[in-house]
Amino acid sequence: MDSHPQSIGLVALFRSLLSRELAVAIRSPGQWLNPILFFIIVITLFPLGVGPGPNTLSIIAPGVIWVSALLSVMLSLQSLFYDDLHNGSLEQFVLSAQPLSVVVLAKVLAWWLLAGLPLLLVSPLLAILMNLQGSAIPVLMLSLLLGTLTLILVGAIGAALTATVGNGGGILMSLLVLPLTVPVLIFGSGAVQAAASQMPVGGHLSLLVALLALALSLAPLATAAALRVAVSAG
Amino acid sequence: MTNETIISGAVPDCLEAVSVTIWRGETLLLDSINLQAKAGDVTQIAGANGSGKTTLLRVLCGAALADEGEVHWCGVPISKQRDAFNERLLQIGHRPGVHAQLTAIENLQLACNMGNGVLSNIDSVLDALAILPIAEIPAGHLSAGQQRRVALARLALMPHTRCWVLDEPLTALDQQGRDWVTSQILAHSERGGVTVLTTHQPLSKNLNGPIYSLDALDNG
C-alpha cells in the first residue's frame, strides 16, 4: 500500500507555478516584448504628432503615458490563457485539488513581471521625453506600479471570459473590461497631474491602493470561475 | 449486471453515471447513460467516432457538466465533493496537458506539484518510457507519440490516485508504449483502483471489465 503523499504548501505551489510561467514566457518573448514596444512607440510618436512645444507636451503627458500603459496592458492580455486552454493544461488545473485562484495569481504576477514592470522602468525616460516635471516622476512610477497590477488582475477576468472565443476575443474582451479599468485611468493620471502642479497626491494614490486591494481580493475568484466555464465549454 | 451486497463496512471505490443526458445543440448526443465503474475493473467505453465517448469521459471526470443526471463517486455526487474527488482523480484527456514550451521534466514537475505526485521518481519513469534522453527538450519539438508518453508518465507518478479517466491512452504509441500503459493500468486495478477508458485498439486480455458501447445504446 502506498503511503498517501502530503500535498505541498500553497506557497511552494505558487512558486512552482510562477517559475513555470516565467520559463514559458522567456521562451516566447514576442508575447510580452510587443506590448512594451507598443508603449514606447506610441509615446514617442506624440511629440512628433502634436508638435514639440514643451508646454503642450507637459500638459498632456500624464494622460498620454497612462492611456498608452492601459492599452498596452489590455492588448497583451488577450493571450493570457490561450495556450493553456488549448494544450489541456487548464483542464488539469481545474481537475486538481489545488485552488484555481492560486494558478490565476501566479499567472497574473508572472505577467506583471514581464509586461508591467518594464513599463514602470522605462516610464521615467518617456516622462522626460514628454517634458513632464521631474518632481512628478516618482509619483508616475508609483501610480503605474499600483495601476498596472490592478489592470492585469481585472484584465485576467476578461481574458478568461473570452478564452474560448478565438479571433474576435480581443475586441470582446476590451468591451467587457475597459469600463472596469476607467477608474484606474482616472486616478492614475490624476495623481500624476496633481504631482506636476504641486498639489497633494495622497487622495489619488490611496484610491489606487483601494482599487488594487479590491481587485486582488475579488479578481482571482472571478477569473477562476470564468476559467471553469471555459474548460467545461471547450 | 450483478447486484453486489456490500457486507464489509468500507464502501469500495466506484464511479457511477446516473442517467447522464447530454445535448449537443439541438441533437441528443447521450441519452440517459447509466454506467458503473467498479474498483479493480477496467471499464471501457466503446463507440464510433462522434458517438460521444470523449464528452462522456469529460462529464465523468467533472471537466464538463451533464445537461441532466449526475456522476457519483462512492455514492456521493462529485459536484458535492469537488476537492476530495479531484484529489483521487487522474485524468488524461483528449488534449494531453503538455505545454509545448516546457521540457518533459518541467511539465511533470508541475503535474506532480499540482497532484501530489512523487517528484523523485520522474527520472526513473521517463527512463522506463524511453524518453529520458530527450527530457530536456521543449515538448513542442517531440513527436506525437513522445508527447503522449510525457502525458502518460503521470500514471506512474501518481499511484495514490484512485480513479483513472483516460481518453484514448494508447493512441500514437508503439508496442512498447502500449505494453507500458497496460502494465500501469493492471497495477492500478490490482491496487483496487477504478479505471474508465476509451480506445480503438484491442486491450490486453489481462485487463478485465465491462464494455459499454455507445452505438448499441443508440440502437436500443
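Procedures and definitions
Residues numbered from 1 in each chain as written. Chains lettered and ligands numbered in written order. Predicted model: local features only at pLDDT ≥ 70, side-chain atom pairs only at ≥ 80, totals over all residues. Helix = DSSP H or I, 4+ residues; strand = E, 2+ residues; numbered from the N terminus. Rg over C-alpha atoms; globule rule 2.2 N^0.38 Å. Buried ≥ 20, exposed ≤ 12 C-beta atoms within 10 Å, placed from the backbone. Contact = placed C-beta atoms within 7 Å. Pairing = 2+ DSSP bridges. Axes fitted to C-alpha atoms, helices over the stretch in contact; angles between N-to-C directions. Nonpolar A, V, L, I, M, F, W, Y, C, P; charged D, E, K, R; others polar. Expected span 1.5 Å × (residues − 1).

Chemist: Got a minute to help me understand the overall build of chain B in this structure?
Modeler: Within chain B, the secondary structure is distributed over seven helices and nine strands. Here the C-alpha radius of gyration of chain B, 17 Å, is about what a compact globule of 220 residues would show, namely 17 Å. Structurally, chain B occupies a C-alpha span of about 50 × 45 × 35 Å along its principal axes. Buried residues in chain B amount to 44% of all 220 residues. Sequence-distant contacts in chain B: of pairs separated by 6 or more residues, those separated by 24 or more amount to 73%.

Chemist: What is the right way to read the overall build of chain A from this model?
Modeler: Tallying secondary structure elements over chain A gives nine helices and zero strands in all. N-terminal to C-terminal, the α/β element order of chain A is α-α-α-α-α-α-α-α-α. Its C-alpha radius of gyration of 19 Å places chain A within 12% of the 17 Å reference for a compact globule of 234 residues. If one aligns the C-alpha atoms of chain A with their principal axes, the spans along those axes are about 75 × 35 × 30 Å. For chain A, with 234 residues in total, the buried portion stands at 46%. Within chain A, residue pairs in contact and separated by at least 24 positions form 80% of the contacts whose partners lie at least 6 positions apart.

Chemist: Help me understand the sheet that holds strand S7 (residues 163–167) of chain B, please; the structure alone is not making it clear to me.
Modeler: Strand pairing within a sheet occurs via backbone hydrogen bonds; the two strands may be parallel or antiparallel. All names here are of chain B. Spatially, five strands are ordered S6-S7-S8-S3-S9 in an open sheet, and the strand pairing comes out parallel. Of all the strands in the sheet, just strand S6 (89–92) and strand S9 (211–213) have a single pairing partner and so form its edges. Within the sheet, the average angular offset between the axes of one strand and its neighbour, ignoring direction, is 15°. In the sheet, strand S3 (residues 42–46) pairs with strand S8 (residues 194–198) via four bridges, with the strands oriented parallel. By the bridge assignment for S8, Val42 is matched with Thr195. Here helix H6 (residues 175–190) sits on the sheet and contacts S3, S7 and S8; the angle it forms with S8, its principal contact strand, is near 145°.

Chemist: In this structure, what is going on with the interface of chain A and chain B? I would like to understand it.
Modeler: Accessible area lost during the coming together of the parts is what is often quoted as the interface size. Counting from both sides, the interface comprises 26 residues of chain A and, opposite them, 31 residues of chain B. Listed by contribution, the elements that provide at least two residues to the side of chain A that touches chain B are helix H1 (10–27), helix H5 (89–94) and helix H9 (202–233) of chain A. Considering every element that reaches the side of chain A that touches chain B, the biggest residue donor is H1 of chain A, with six residues. Grouping the amino acids of the side of chain A that touches chain B by side-chain chemistry returns ten nonpolar, eleven polar and five charged.

Chemist: Help me out: how do you make sense of the pairing of strand S2 (residues 27–38) of chain B in this one?
Modeler: Working note: regular strand, side chains alternate between the two faces of the sheet. All names here are of chain B. As defined by bridge partners, strand S1 (residues 14–24) adjoins S2 across eight bridges and the pair is classed as antiparallel. Counted as the bridge partner of Ile22 is Leu30 from S2. The hairpin formed by S1 and S2 contains two residues between the paired strands, and Gly25 there has a positive phi angle of roughly 65°.

Chemist: Explain helix H3 (residues 104–115) of chain B here, please?
Modeler: Helical geometry: 3.6 residues make up each α-helical turn, so side chains three or four residues apart lie on a common side. The end-to-end C-alpha distance of H3 of chain B, which contains twelve residues, comes to 16 Å, matching closely the 16 Å that a straight helix rising 1.5 Å per residue would cover. In terms of burial, H3 of chain B is largely enclosed, as ten of its twelve residues are buried. Packing partners of the buried residues in H3 of chain B comprise H1 and H5 of chain A together with helix H4 (122–128) and helix H5 (144–157) of chain B. Taken from the residues just after H3 of chain B, Asn116 of chain B is the one with a positive phi, measuring 55°.

Chemist: So what exactly am I meant to see when it comes to the pairing of S1 of chain B here?
Modeler: With five bridges connecting them, S1 of chain B and strand S4 (residues 68–73) of chain B associate as antiparallel partners. Opposite Val18 of chain B, over in S4 of chain B, you have Glu70 of chain B as the bridge partner.

Chemist: Which parts of the structure should I look at to understand the sheet that holds S2 of chain B?
Modeler: Residues and elements named next belong to chain B. On the basis of which strands lie adjacent, the open sheet formed by four strands has the order S2-S1-S4-S5 and antiparallel pairing. Lying at the two open borders of the sheet, with one neighbouring strand each, are S2 and strand S5 (76–77). Strands in contact with helix H1 (residues 53–61) are S1, S2 and S4; relative to S1, the strand with the most contacts, it is inclined by about 130°.

Everything listed is a geometric property; what it means functionally is a separate question.
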